[in-house]
Amino acid sequence: MRYAILADIHANLAAFEAVLDDIERRGGADRFWNLGDAVGYGPDPQECLDRLLKLDCTGVAGNHDLAATGKIPTLDFNPEAAFAAQWTGQRLSPEGKGYLANKPPVIESGDFTLVHGSPRDPVREYLVEPEHARANLDHFKTRYCLVGHSHRPLVFEAGEKGDIRLKEPGDGSRLKLGERRLIINPGSVGQPRDGDPRASYAIYDAESRSLTIHRVPYDIGLVQSRMTALGLPGRMIARLSYGV
Ligand code: ZN
């Protein structure tokens, strides 16, 4: 069984389609997992939801998903993110909003817990620092946890004494899943923030128990011109070029 793990698509249909093509090219996936924030920032929110529905994707809710449906306030969002949430909400169909509003914050599947932010605060907490990862180990029961939200491919590996080793896996990095507990972020499909503008995602192969990070180039200029035509904020458009 092969699982495609996608996070933070952020309404970037061109990046999403490039990732889906890449998955096909690598032999396809039996299951799709989405770690939240399918919408927000990018120009094609409803189109991204339509693609997710077609894939029959299992997924959790992200802060941008819930903000676009009006389920959480945007008081702690920066002004651009708040604008994006409002703009996105206006472009979603009632069915699209219903789809996002009904996503659970946490899913357990076999050895994995899926959340957007962190196990102890599934929608909001950013897991970037090892001490925060350590504080979250008691908040999920499975051996492994998959997170999104920071838009950075990261692996937190728990040692025997609760010490945490942090790795930043690059394109093609293959991680063997063993006894140790892990918190893994596959990076962001639609708005990477680790300095590499290529779309990021992971494939987990249950047979070999290995998880591989893949980076995929896509037509960033095309997405940027669509965003410009739609009047989206300049900084949101520019950052796609740099992956920040
Ligand atoms: Zn996000």
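This write-up is about the structure you can find in this document. (Residues numbered from 1 in each chain as written. Predicted model: local features only at pLDDT ≥ 70, side-chain atom pairs only at ≥ 80, totals over all residues. Heavy atoms only, no water.)

1. Observations regarding the coordination of the zinc ion
In a perfect tetrahedron of four donors around a metal, the angles come out at 109.5 degrees. In a perfect octahedron of six, they are 90 or 180 degrees.
Part 1 of the reasoning: Distances from the zinc ion to its protein donors, D8 (OD), H10 (NE2), D37 (OD) and H151 (NE2), fall within 2.2 to 2.4 Å.
Part 2 of the reasoning: Coordination geometry of the zinc ion: the four donor atoms subtend angles of 85 to 178 degrees at the metal centre, consistent with an arrangement described as irregular.
Part 3 of the reasoning: Counting the intervening residues between successive donors of the zinc ion yields the motif D-x1-H-x26-D-x113-H. Of the two residues, H10 is situated in the loop between β1 (2-6) and α1 (13-25) and H151 in the loop between β6 (144-146) and β7 (153-158); the sequence distance between them amounts to 141 residues. Residue H10 shares its accessibility class with H151, and that shared class is buried. (Donors = N, O, S within 2.8 Å, 3.2 Å for Na, K, Ca; no water. Tetrahedral: all angles 85-135°; square planar, octahedral: opposite > 155°, others 65-115°. Helix = DSSP H or I, 4+ residues; strand = E, 2+ residues; numbered from the N terminus. Buried < 20%, exposed > 50% of the residue type's maximum accessible area, 1.4 Å probe, protein only.)

2. Some thoughts on the nonpolar core
Part 1 of the reasoning: Ranked by internal contacts, the top residues of the largest apolar core, which has 46 residues, are L6 and F16.
Part 2 of the reasoning: With seven residues, the top contributor of residues to this core is α1.
Part 3 of the reasoning: In contact with L6, not counting residues within four places along its chain, are F16, V19, I23, F32, W33, N34, L35, V189 and Y201.
Part 4 of the reasoning: A7, F112, L146 and L177 belong to the second largest nonpolar core, which has 20 residues in total. (Core = buried A, V, L, I, M, F, W, Y, C linked by side-chain atoms within 4.5 Å. Contact = heavy atoms within 4.5 Å.)

3. Digging into the pairing of strand β8 (residues 164-167)
Part 1 of the reasoning: Across four bridges, β7 lies against β8 in antiparallel orientation. The residue bridging F156 from the neighbouring strand is L166, located in β8.
Part 2 of the reasoning: Connecting β7 to the antiparallel partner β8 that follows it, the hairpin turn spans five residues, and G162 within it adopts a positive phi of roughly 85 degrees. (Pairing = 2+ DSSP bridges.)

4. Observations concerning the pattern of salt bridges
Part 1 of the reasoning: Tallying each qualifying case throughout the model produces 17 salt bridges.
Part 2 of the reasoning: For R198, the salt bridge goes to D196, with nearest N and O atoms at 2.9 Å.
Part 3 of the reasoning: Its relative accessible area of 29% is what places R198 among the partly exposed residues.
Part 4 of the reasoning: Several salt bridges share partner residues, and in doing so they unite D171, D194, D196, R198 and R215 into one network. (Salt bridge = Lys/Arg side-chain N within 4 Å of Asp/Glu carboxyl O.)

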